[in-house]
Amino acid sequence: MSEVTTAADQSGDALENLLTESRQFAPSVEFAANAVIHGGEYAKANADRPAFWGEKSRELLTWSKPFTKTLDWSNPPFATWFEDGEINAAYNALDRHVEAGNGDRVAIYFEGEPGDTRTYTYAQLTEEVKKAANAFEALGLAKGDRVAVYLPMIPEAVITLLACARIGAIHSVVFGGFSADALRSRIDDAEAKLVITADGTFRRGKPSSLKPAVDEALSAPGHSVQHVVVVKRNGQDVNWAEGRDVWWDDTVGQASTEHTAVGHASEHPLFILYTSGTTGKPKGILHTTGGYLTQTAYTHRAVFDLHPETDVFWCTADVGWVTGHSYVTYAPLINGATQVMYEGTPDSPHQGRFWEIVEKYKVSILYTAPTAIRTFMKWGEDIPAKYDLSSIRLLGSVGEPINPEAWMWYRRVIGGDKAPIVDTWWQTETGAIMVAPLPGVTSTKPGSAQVPLPGIAVDVVDELGASVQHGHGGYLVIREPWPAMLRGIWGDNERYKDTYWSRFDGMYFAGDGAKWDEDGDVWLLGRVDDVMNVSGHRLSTTEIESALVSHPSVAEAAVVGAADETTGQAVVAFVILRGSAVEDADIVTTLRNHVGHEIGPIAKPKTILVVPELPKTRSGKIMRRLLKDVAEGRAVGDASTLADNTVMNQIAESLRK
Ligand code: PRX
C-alpha cells in the first residue's frame, strides 16, 4: 500500500461541521411500535455473539442438517460458521416459501429499460431456477465448478445465481460495465467452466451489446470455458461459436421443472466477487453459504424493518456489485419479500423514471446510493413531486458517505419528511451490512452511518491499534469475526492475511477512515488507501495507472480520486508522455478510451492532465496527496518530503499553460 493518509489528514474542516451535526430524527411512536427489531437486541448480542447469530440463523433459515457449532475461530483469520450444518441457498430463497403456501406471492416485479415488464411469483421463480439448475447440470456443470456471469439487470441474472447456488456451483459475476480484458482476467483467475451472458441490454433507449465482449474475451486460446449460455434480450445479431454457444431458451427453456435441492456444507463456497484493491490485480472475494445467508437475511429484516407480507422492496444496485448479490438476489428472497428489479438508468426515458416505478409498484422501501440522490437533487424536486411517493416508509443509502444536505433532501422530498433513513456501511468483503441505525430504535442523524449492528464488533483505532475516544478519528476495524465475512481471496490466502489482517494485530482493517462523534455514532470518512469511490463503485488507482502506462504513448501515470459534487469522487489522471508522443487534444481521448478498453467504461478518467513530472518521495513513491490538492484546486500541502521540490511548481506551470 503506498502512502496511507490518516483519517485525520483527510477530514479537515468538513469534519468539524459533521461533528457538530445536531439534527436528529427519533422514530415515530407508530414506527417504533410496529418495528421488527427492538432495542433489546444489542444487549442480547453483546452477551454472546456466536450464540446470537446461531439463534438468528435457526430463526431465519431452514437447514437441511442442523448445525451444532456456531463460530470456530481457532485458526484466525480463517473463520468457520455453523460448520457441521448443511443448507441449500436456493431452497431457502424459493422452494420453502412455495411449500409454506406462499407460492402466489410476487417475488420479482421486473421493469425493463424499454418499459416491458415481467412478474414472477415465488412458484414461477422456483420453476425457472429448477430449469436453469437442470440445464446447467446437463452442460456438465457440477458442484464446486465456477460460473462467470456477465448479464444485465434482468431476472435471468437472479435465476442464474440461484441455480448455481442450488447445485453448489460457485458464481462469479462480472459487472457488464467491465471490458473484455477485465472479463477474461476474472474468468482465468476463477477458471470458470461456464459463462452466462446475454446478446445485450438497453441503455437510454438504445440497444447495447454484451456478447461481443465475451467473444473477445474468449478469442485467445488457453481458457477454461466450455460453454456460453446466451439470453436473448435485445435481439441483436451475435456471432456464434458452434459447439460452445447455446441459447438460454434452447437449454434452460427446454429443461425439466423437477429438481431437488440438496444441502451443501455451511462453508461450501457460494460465490466469488472481484473487487478493486490497492494493487493492480482485482481480488476474488470469497463468500460461503451458511454465515452469509444468516447475516444478509437478518440485516435485511432488521435494518429495512422488512414486513414481507406487505412491503415492496427496491434495491437499485446492479447484480454486478455486492449490493446486488446480498440485497437483490439473496436476502429479499430468503425473507420471502416482494421486490422490484429495474434494468435501466434513472434518466431514461425521462428523469422521473425512478419515481414512476415507485408509484407504479407502490415501493415501500427504497435502497439506493448517494450519487443517485445528489443527481436527483440537481434535477430538481419538481420531478419527484409529479408522482405519488406516499407508499415509501423507509429509505436506505449505501456505497459512499452521504453528505447531510443530500440526506436531508432525501428525507424531505422522497421520504415525505417522515421516512427514516438508514445509511448502511459495509463492503464486498463484509458480505452484509455492518453499521447502520435500527429504524425503530435509533434516532437518525444526517450523514452518519451511526451504530454497529447487534452482533458486530466495529471499532475506530489509532495508528497503533488502540481504540480512540468519542470525538476522535482513526481507522475503522472489526474486532470479532462476523457470519458474512469473506473467507479469503480466491486462490491467495497470503494476500487475504496481508491485506486485511496485518495492519492491526487480530483485527480486520477495512481500509476506511472513521470517527466516533460525542454521542458515540460512527462517521465514515472515505478510504485511507489507494482505492477510489466513484458513484459508489470501487476503483483502484493503481489498476488505472497500470492501464494508462500500458499505452505506448505514456511513460508514467498517477491517478487520484478528486472530490466531485455528484459522483463523490472522480478519476483524475496525471500522465507523463513518452518523448515521441505528441501532446494534442486527441491524446486525452485516446487514453480515456484505452482505459475503457483495458478495464471498462466505468474506469475512464474524467480528467487527464499531461504533466512534465510527478511528485515523488526520495524512495520513489508518488505523493498522490499533493496531486489530489492540485486536482481539487487547493493550495498544495506539505511537499517537504519530495525528492525534487520544484516538481509541484513545474506541474502548476504546465497546467497554467
Ligand atoms: O469506503 C467504503 C464505501 O464503500 C467501500 C466498499 O465498497 P464495495 O466493496 O464496492 O461495497 C459497496 C457496497 C456495500 C467501503 O470501504 N462505503 C460503503 N458504504 C458506505 C461507504 N462509505 C460511507 N458510508 C457508507 N454507507
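This report concerns the structure included in the present document. Along each chain, numbering runs from 1 in the same order as the chain's sequence is written. Given that the model is predicted, a residue must reach a pLDDT of at least 70 before its local features are reported, and side-chain atom pairs must reach 80 or more before they are shown or counted; all residues, however, enter totals for whole chains, interfaces and linings. Here the side-chain values reflect all heavy atoms present in the structure, with hydrogen atoms and water set aside.

Comments concerning the side chain of glutamine 450
Part 1 of the argument: Strands here are runs of E lasting at least two residues and helices are runs of H or I lasting at least four, both read from the DSSP assignment and numbered beginning at the N terminus. Inspection of the secondary structure puts glutamine 450 in the loop between β20 (421-424) and β21 (458-461).
Part 2 of the argument: In this scheme, a residue with accessible area under 20% of its type's maximum is buried, one over 50% is exposed, and one in between is partly exposed, where area comes from a 1.4 Å probe on protein chains only. Judged by relative accessible area, glutamine 450 falls into the buried class, the value being 0%.
Part 3 of the argument: Dropping the residues within four chain positions of it, glutamine 450 is found in contact with Val435, Pro437, Thr442, Ser443, Thr444, Lys445, Gly520, Asp521 and Val522. Throughout, a contact is declared for two residues whenever any of their heavy atoms are within 4.5 Å.

Observations regarding the sheet that holds strand β14 (residues 269-275)
Part 1 of the argument: Here we have 8 strands laid out as an open sheet, ordered β12-β11-β8-β6-β7-β14-β15-β23, and mixed in their pairing. A strand with exactly one partner marks an edge of an open sheet, and here the two such strands are β12 (245-247) and β23 (488-489).
Part 2 of the argument: Relative to β23, strand β15 (residues 283-288) is paired through 2 bridges, and the arrangement is antiparallel. Counterpart to leucine 286 in the pairing with β23 is glycine 488. When DSSP locates at least two bridges between a pair of strands, those strands are taken to pair.

Brief notes about the site of the ligand
Part 1 of the argument: Any residue with at least one heavy atom within 4 Å of a molecule or strand is counted as near it. The environment of the ligand is made up of 17 residues, and the closest members are Asp423, Thr424, Thr428, Asp512 and Arg538.
Part 2 of the argument: The contact in question runs from an oxygen atom of the ligand to an N or O atom on the side chain of threonine 428, over 2.5 Å.
Part 3 of the argument: Any N or O atom pair separated by 3.5 Å or less is treated as a polar contact, with the protein-specific requirement of one donor-capable and one acceptor-capable atom, and with residues adjacent in sequence counted only for side-chain atom pairs. Here an oxygen atom of the ligand sits 2.7 Å away from a polar atom, N or O, in the side chain of arginine 538.
Part 4 of the argument: Surface burial for the ligand is 96%, taken as the share of its 540 Å² of free accessible area covered by protein chains.
Part 5 of the argument: Sorting the residues of the shell around the ligand by element identifies α12 (322-334), β20 and β25 (522-527) as the ones contributing at least two each. Accessible areas in this description were obtained via Shrake-Rupley with a 1.4 Å probe; residue shielding takes into account the shown protein chains only.

Examining the packing of aromatic side chains
Part 1 of the argument: Pairing of aromatic side chains requires ring centres within 6.5 Å, counting the rings of Phe and Tyr and the six-membered ring of Trp. Pairs whose planes differ by under 30 degrees are stacked, by over 60 edge-to-face, and all others tilted. Inspection of every chain in the model, using the stated rule, returns 38 aromatic pairs.
Part 2 of the argument: Aromatic pair phenylalanine 78 and tyrosine 496: ring centres 5.3 Å apart, planes at 50 degrees, arrangement tilted. With phenylalanine 78 in strand β2 (residues 78-81) and tyrosine 496 in helix α17 (residues 493-501), this residue pair connects regions lying 418 residues apart in the sequence.
Part 3 of the argument: Its relative accessible area of 22% is what places phenylalanine 78 among the partly exposed residues.
Part 4 of the argument: The exposure class assigned to tyrosine 496 is buried, which follows from its relative accessible area of 0%.
Part 5 of the argument: Ring centres 6.4 Å apart and planes at 70 degrees place the aromatic pair tyrosine 496 and tryptophan 501 in the edge-to-face group.

Considerations on the state of the cysteines
Part 1 of the argument: Here, the term disulfide refers to a pair of cysteine sulfur atoms separated by no more than 2.5 Å. One pass over the structure, following the stated rule, counts 0 disulfides.
Part 2 of the argument: Among the cysteines around cysteine 315, which has no disulfide bond, cysteine 164 carries the closest sulfur, lying 20 Å off.
Part 3 of the argument: Residue classification places cysteine 315 among the buried positions, given a relative accessible area of 3%.

Focus on unusual backbone geometry
Part 1 of the argument: A cis amide bond, omega 5 degrees, links proline 76 with the succeeding residue proline 77.
Part 2 of the argument: Structurally, proline 77 can be placed in the loop between β1 (71-75) and β2.
Part 3 of the argument: Residues serine 348 and proline 349 are joined by a peptide bond in cis, for which omega reads 0 degrees.
Part 4 of the argument: Unusually for a residue other than glycine, aspartate 305 sits at a positive phi of about 50 degrees.
Part 5 of the argument: Along the chain, aspartate 305 turns up in the loop between α11 (290-303) and β16 (312-315).
Part 6 of the argument: Judged by its relative accessible area of 2%, aspartate 305 is buried.
Part 7 of the argument: One non-glycine residue, lysine 362, adopts positive backbone phi at about 55 degrees.
Part 8 of the argument: Among the structural elements, lysine 362 can be located in the loop between α13 (353-361) and β18 (365-368).

A word on the environment of glutamate 653
Part 1 of the argument: If you trace the backbone, glutamate 653 turns up in helix α21 (residues 647-656).
Part 2 of the argument: In this structure glutamate 653 comes out as partly exposed when scored by relative accessible area, which is 39%.
Part 3 of the argument: Along the sequence, glutamate 653 and valine 611 sit 42 residues apart, while their C-alpha atoms lie 9.3 Å from each other.

From the geometry alone we can't say anything about function, so treat these as descriptive.
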